[in-house]
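# Observations on the model geometry
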Amino acid sequence: MNKKSRYAFTLAEVLITLGIIGVVAAITIPSLITYTQKKETVTKLQRAISVINQAAKLSFDDNGDPDDAFGMGSEEYFNVYWRPYIKVLQYCNTYQDCHYNSVVPFRTISGSTSGTISVVHPGTRVTFHTMDGFLYIIFTGTADGNGSYKASKLIFVDINGSKKPNVYGKDVFILDRLDDGKGVQPFCSGLSDSVINKSCSKISDGACCAEKIRRAGWKIDNTYPWK
């Protein structure tokens, strides 16, 4: 009676196969992680803009545009034009309330500290966490470079609260509130592609990165300074 033939992998074949699997994993897993991080960033950014934009439009329907938000001061302006229309989880009276390590925690894409932007500054901005896990800073004024302050319509959003990396274009994005009920848009929305690409680059600040993502069809493409 003939015995059936039995086939098996040799130890060498098994090791070669495992080696190939390891190489493929080493190549594909980092790319998959990066893709997932980019997708999550865009999704959170869209959500953050949607939340603040809806609040801005509801406020305009009820109140119109303020005559002088800077003159009102940030607290009064926020209480009238924002507070009834957005769900605040926690206000930040100090940077410690926001769970940052510094009053100027944000860094540019190039790696330098953005020392001109304080997350809290009484009278010129209101900083708060929302139920969605975002941190917003709604400005009425920013430093003018001469020791004084000037009117500002900027809105900063940290899409993962105060968690790191706290870098423009990675988790911190700049928005701009518009007049006449047009809501909130990414900062730099009226600038040229060349200006936006220069700002959102590895050697610059990243101020225009939200608009770069929007113009790419809400994608972080291969020209984006992700690493």
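Treat the numbers as computed from the prediction; the structure is a model and nothing was measured.

### Topic: the overall build of the protein chain
Scanning the protein chain from terminus to terminus reveals five helices and eight strands. Reading the protein chain from its N terminus to its C terminus gives the helix and strand order α-α-α-β-β-β-β-β-β-β-β-α-α. A globule of 227 residues ought to have a C-alpha radius of gyration of about 17 Å, yet the protein chain, at 24 Å, is considerably larger. Seen through its C-alpha atoms, the protein chain measures out along the principal axes to roughly 100 × 35 × 35 Å. Sequence-distant contacts in the protein chain: of pairs separated by 6 or more residues, those separated by 24 or more amount to 54%.

### Quick notes on the state of the cysteines
This structure, assessed with the given rule, holds two disulfides. Here Cys-188 is linked by a disulfide to Cys-208, with a sulfur-sulfur distance of 1.9 Å. Because the torsion about its S-S bond is -65°, the bridge between Cys-188 and Cys-208 counts as left-handed. Of this pair, Cys-188 sits in the loop between strand 8 (184-186) and helix 4 (193-199) while Cys-208 is found in the loop between helix 4 and helix 5 (209-215), placing the two residues 20 residues apart along the sequence. Given the relative accessible area of 7%, Cys-188 is considered buried. Each sulfur in the disulfide pair Cys-200 and Cys-209 lies 2.1 Å from the other. Note on the Cys-200 and Cys-209 pair: the S-S dihedral is about 100°, so by sign convention the disulfide is right-handed.

### Here we look at the nonpolar core
Core analysis: the largest hydrophobic core is formed by 35 residues, its most contacted members being Ile-52, Trp-82, Tyr-136 and Phe-173. Broken down by secondary-structure element, the contributors of at least two residues to this core are helix 1 (11-63), helix 3 (74-81), strand 2 (125-130), strand 3 (135-139), strand 6 (154-158), strand 7 (172-177) and helix 5. For this core, the leading source of residues is helix 1, giving eight residues. Dropping the residues within four chain positions of it, Trp-82 is found in contact with Ile-52, Ala-55, Ala-56, Tyr-77, Ile-138, Ile-155, Arg-177 and Val-184.

### Overview of the pattern of salt bridges
The tally for this structure, following the rule as stated, stands at six salt bridges. Glu-211 is the partner of Arg-214 in a salt bridge, and the nearest nitrogen-oxygen pair spans 2.6 Å. Of this pair, Arg-214 and Glu-211 are both found in helix 5, three residues apart, which corresponds to roughly one turn of the helix. Residue classification places Arg-214 among the partly exposed residues on the basis of a relative accessible area of 34%. Counted as one network, the salt bridges with shared partners bring together Asp-193, Glu-211, Arg-214 and Arg-215.

### Some points on the side chain of Thr-108
Within the fold, Thr-108 resides in the loop between strand 1 (88-91) and strand 2. Owing to a relative accessible area of 8%, Thr-108 belongs among the buried residues under this scheme. Among the polar contacts made by the side chain of Thr-108, one reaches the side chain of Ser-110 at a distance of 2.8 Å.

### Structural notes on the sheet that holds strand 1
In spatial order, the strands read 1-2-3-6-7-8; together these six strands make up an open sheet with antiparallel pairing. Each of the sheet's edge strands pairs with one partner strand only, and the pair in question is strand 1 and strand 8. Pairwise comparison of adjacent strand axes, ignoring direction, gives a mean angle of 30° for this sheet. The sheet contacts of helix 3 involve strand 1, strand 2, strand 3 and strand 7, and relative to strand 2 the element is tilted by about 45°.

About the cut-offs
Position numbers for residues start from 1 in each chain and track the written sequence from start to end. Restriction of local features to residues with pLDDT of at least 70 applies here, the model being predicted, together with a cutoff of 80 or more for giving and counting side-chain atom pairs; totals for whole chains, interfaces and linings are based on all residues. Computation of side-chain values covers all heavy atoms of the structure but excludes hydrogens and water. Numbering of helices and strands runs from the N terminus; a helix is a DSSP stretch of H or I covering at least four residues, while a strand is a stretch of E covering at least two. A radius of gyration in this sense is built from C-alpha atoms; the matching globule rule multiplies 2.2 Å by the number of residues raised to 0.38. It only takes one pair of heavy atoms within 4.5 Å for two residues to be counted as in contact. Counting rule for disulfides: a pair of cysteine sulfur atoms within 2.5 Å. Any residue under 20% of the maximum accessible area for its type is buried, any over 50% is exposed, and the rest in between are partly exposed; the area is computed with a 1.4 Å probe on protein chains only. Here, the term nonpolar core denotes a set of buried Ala, Val, Leu, Ile, Met, Phe, Trp, Tyr and Cys residues that are joined through side-chain atoms within 4.5 Å. Salt bridges are defined as contacts in which a side-chain nitrogen from Lys or Arg sits within 4 Å of a carboxyl oxygen from Asp or Glu. As used in this structure description, the phrase polar contact means that two N or O atoms lie within 3.5 Å; if the pair is within protein, one of them must be able to donate a hydrogen and the other to accept it, and residues adjacent in sequence are counted only when both atoms belong to side chains. Only strands joined by at least two bridges in the DSSP assignment are considered to pair. For helices, the fitted line uses only the C-alpha atoms of the stretch in contact; every axis is such a line through C-alpha atoms, and the angle between N-to-C directions lies from 0 to 180 degrees.

It is worth stressing that arrangement in space is one thing and function is another; only the former is reported here.
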